[in-house]
Amino acid sequence: MEPLAQFRLILVLFFTIFLLLAYNQAENVTYCDGSRHYIVNVNNFEVSPDPIMVGRPAAFTISASTSEPISDGMVVIDVSFLGFHIHTEIRDLCDEVACPVAAGNFMLSHYQTLPGFAPSGFYTIQLTLHDQNKLELACIRIKCKIGMGSLASVN
């Protein structure tokens, strides 16, 4: 390969990596309604591995705080791919965090293995927390990338 072609390839690769890093550093977690005051405030969101790999376990951890105690509730997880809703899952809040949740800081953890047939790409996950009276405590949208795992890891 001639030096000018190599330089162009390196420049394109560098620019692509820069854009991907900028995307990953962008604000990937937002409240569903930015003007609303939620009882639960999300302080931090982590996913491991990043990017999430199909057919492999992924851990989602949310550091949050609540201004009021929560005795029970549910977590509604809505998943969209390319703008199309593809999955809804409803989980008991007390399966994700030790209940009752006292006012103050707490951690919500969720573990999931994505099916091997899930296409790689960019997804939006909407996570809504409700109390035992179905009052919406928080609603966040998470933009994440899902990559292809090893075919050997797919069951």
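Here, every reference points to the structure presented above.
About the criteria used
- Residues numbered from 1 in each chain as written.
- Predicted model: local features only at pLDDT ≥ 70, side-chain atom pairs only at ≥ 80, totals over all residues.
- Heavy atoms only, no water.
- Disulfide = S-S within 2.5 Å.
- Helix = DSSP H or I, 4+ residues; strand = E, 2+ residues; numbered from the N terminus.
- Buried < 20%, exposed > 50% of the residue type's maximum accessible area, 1.4 Å probe, protein only.

Draft legend 1. Geometry of the state of the cysteines. Counted under the stated rule, the structure contains 2 disulfides. The side chain of Cys32 participates in a disulfide bridge whose partner is Cys139; the two sulfur atoms lie 2.0 Å from each other. Taking the sign of the S-S torsion, about -65° here, the bridge from Cys32 to Cys139 comes out left-handed. Within this pair, whereas Cys32 is found in the loop between β1 (29–31) and β2 (40–48), its partner Cys139 is found in strand β9 (residues 136–147), the two being separated by 107 residues in sequence. Shown here is the disulfide that connects Cys94 with Cys99, its sulfur atoms set 2.1 Å apart. One quick way to see it: the torsion about the S-S bond of Cys94 and Cys99 is about -95°, and its sign makes the bridge left-handed. The class for Cys94 is partly exposed, based on a relative accessible area of 29%. Of the residues examined, Cys99 reaches a relative accessible area of 27% and is grouped as partly exposed.

Don't take any of this as a statement about function, it's just geometry.
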